[in-house]
Amino acid sequence: DVKVTQSSRYLVKRTGEKVFLECVQDMDHENMFWYRQDPGLGLRLIYFSYDVKMKEKGDIPEGYSVSREKKERFSLILESASTNQTSMYLCASSALGAFEKLFFGSGTQLSVL
Amino acid sequence: TQLLEQSPQFLSIQEGENLTVYCNSSSVFSSLQWYRQEPGEGPVLLVTVVTGGEVKKLKRLTFQFGDARKDSSLHITAAQPGDTGLYLCAGYNTNAGKSTFGDGTTLTVKP
């Protein structure tokens, strides 16, 4: 069964902490994405990556960075967490040539206190 | 930024009723996807529609892509409690290389 795995389901951090959210996919997909999901706002794209060591800004990249050192792993980094970054974070992947067909992980609910 | 508006935002119906969810935009999309998300899980892809006017059926779910590829609808016949969830539409733009999501329709089907 193909999977996108996010390392934590729930995470509680303090304001100013550096936060790492990890995502691993086992489908050999080229494309990987980070979204955040907030009530009434749908899913908003933070960053995405077409290939190893490549990254592209999404619609709301401010306050975030990403790392893709290996094809199967895409990390989201909050350099200095703030309370307005409290959200559900969803990682997704898709295959080359099927960019729009996203496979999602179960999400990480991050609370920044 | 392309916007997708879904309506209604919330829908609560009795088992056996029919319903339609709408997804509208002023922008043209290369394709449109519908996802369902259950509590505590990520969205799961239900269908993708590509051609204007295209209709796809998935058991009791019927998906339609507008002729101009700007809008879509999801119709559920004889809804069941297992259909409960958050339904999301997403429009994909080849030129932008990314998908834009609507803000979702929360469906509750009561037994």
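The structure contained in this document is the topic of the report that follows. Bear in mind the structure is a predicted one, so any value in this text is a computation, not a measurement.

Our next topic: the packing of aromatic side chains. Enumeration over the complete set of coordinates arrives at 10 aromatic pairs over all chains. With centroids separated by 5.6 Å and ring planes inclined at 40°, the aromatic side chains of Tyr35 of chain B and Phe101 of chain B adopt a geometry described as tilted. Remark: Phe101 of chain B occurs in strand β10 (residues 98-101) and Tyr35 of chain B occurs in strand β4 (residues 31-37); sequence separation between them is 66 residues. Since its relative accessible area comes to 7%, Phe101 of chain B is described here as buried. A connected cluster of aromatic rings, assembled from ring pairs, spans Phe33, Tyr35, Phe48, Tyr50 and Phe104 of chain A together with Tyr35 and Phe101 of chain B.

The next point concerns the side chain of Asn93 of chain B. Along the polypeptide, Asn93 of chain B turns up in strand β9 (residues 85-93). Classification of Asn93 of chain B as buried rests on a relative accessible area of 14%.

Moving on: the state of the cysteines. Counted by the stated rule, this structure contains 2 disulfides over all chains. Covalently, Cys23 of chain A is tied to Cys91 of chain A through a disulfide, its sulfur atoms 1.9 Å apart. Judged by the sign of its S-S torsion, about -75°, the bond between Cys23 of chain A and Cys91 of chain A is left-handed. Within this pair, whereas Cys23 of chain A is found in strand β3 (residues 19-25), its partner Cys91 of chain A is found in strand β9 (residues 87-94), the two being separated by 68 residues in sequence. A relative accessible area of 0% places Cys23 of chain A in the buried class. In this model Cys23 of chain B forms its disulfide with Cys89 of chain B; the gap between the sulfur atoms is 2.0 Å. Measuring handedness by torsion sign, the sulfur bridge of Cys23 of chain B and Cys89 of chain B sits at about 80° and is right-handed. With Cys23 of chain B in strand β3 (residues 19-24) and Cys89 of chain B in strand β9, the pair connects residues that are 66 residues apart, well separated along the chain. As far as burial versus exposure is concerned, Cys23 of chain B and Cys89 of chain B are alike and both buried.

Before going further, it helps to examine the sheet that holds strand β1 (residues 5-7) of chain B. All names here are of chain B. With antiparallel pairing, 5 strands are arranged side by side in an open sheet as β1-β3-β8-β7-β6. Each having just a single partner strand, β1 and β6 (55-58) make up the two edges of the open sheet. Between one strand axis and the next, the sheet turns through 15° on average, direction left out of account. Bridging between β6 and strand β7 (residues 61-65) involves 4 bridges; their strand directions are antiparallel. Each residue of the ladder has a partner; that of Leu58, found in β7, is Leu61.

We now examine the environment of Glu30 of chain A. All names here are of chain A. Within the secondary structure layout, Glu30 lies in the loop between β3 and β4 (31-38). Distance in space between the C-alpha atoms of Glu30 and Lys71 is 6.8 Å, their sequence separation being 41 residues. Sequence-distant contacts of Glu30, that is, excluding residues within four places in its chain, are made with Ser49, Tyr50, Asp51, Arg68, Lys71, Ser94, Ala95 and Leu96.

Below, the discussion takes up the nonpolar core. If you look at the biggest cluster of nonpolar residues, it comprises 22 residues, and the most contacted ones within it are Leu19, Trp34, Leu74, Ile76 and Leu107 of chain B. Looking at this core, the elements with two or more residues in it are β2 (10-14), β3, β4, β5 (44-49), β7, β8 (71-76), β9 and β11 (105-110) of chain B. Residues in contact with Leu107 of chain B, not counting those within four places in the same chain, are Leu11, Ile13, Leu19, Ile76, Asp83, Thr84, Gly85 and Tyr87 of chain B. Core analysis: the next-biggest nonpolar cluster, separate from the first, contains 21 residues, Leu21, Cys23, Met27 and Leu110 of chain A among them.

Calculation notes
- Residues numbered from 1 in each chain as written.
- Chains lettered and ligands numbered in written order.
- Predicted model: local features only at pLDDT ≥ 70, side-chain atom pairs only at ≥ 80, totals over all residues.
- Heavy atoms only, no water.
- Phe/Tyr/Trp six-rings, centres within 6.5 Å; stacked < 30°, edge-to-face > 60°.
- Helix = DSSP H or I, 4+ residues; strand = E, 2+ residues; numbered from the N terminus.
- Buried < 20%, exposed > 50% of the residue type's maximum accessible area, 1.4 Å probe, protein only.
- Disulfide = S-S within 2.5 Å.
- Pairing = 2+ DSSP bridges.
- Axes fitted to C-alpha atoms, helices over the stretch in contact; angles between N-to-C directions.
- Contact = heavy atoms within 4.5 Å.
- Core = buried A, V, L, I, M, F, W, Y, C linked by side-chain atoms within 4.5 Å.

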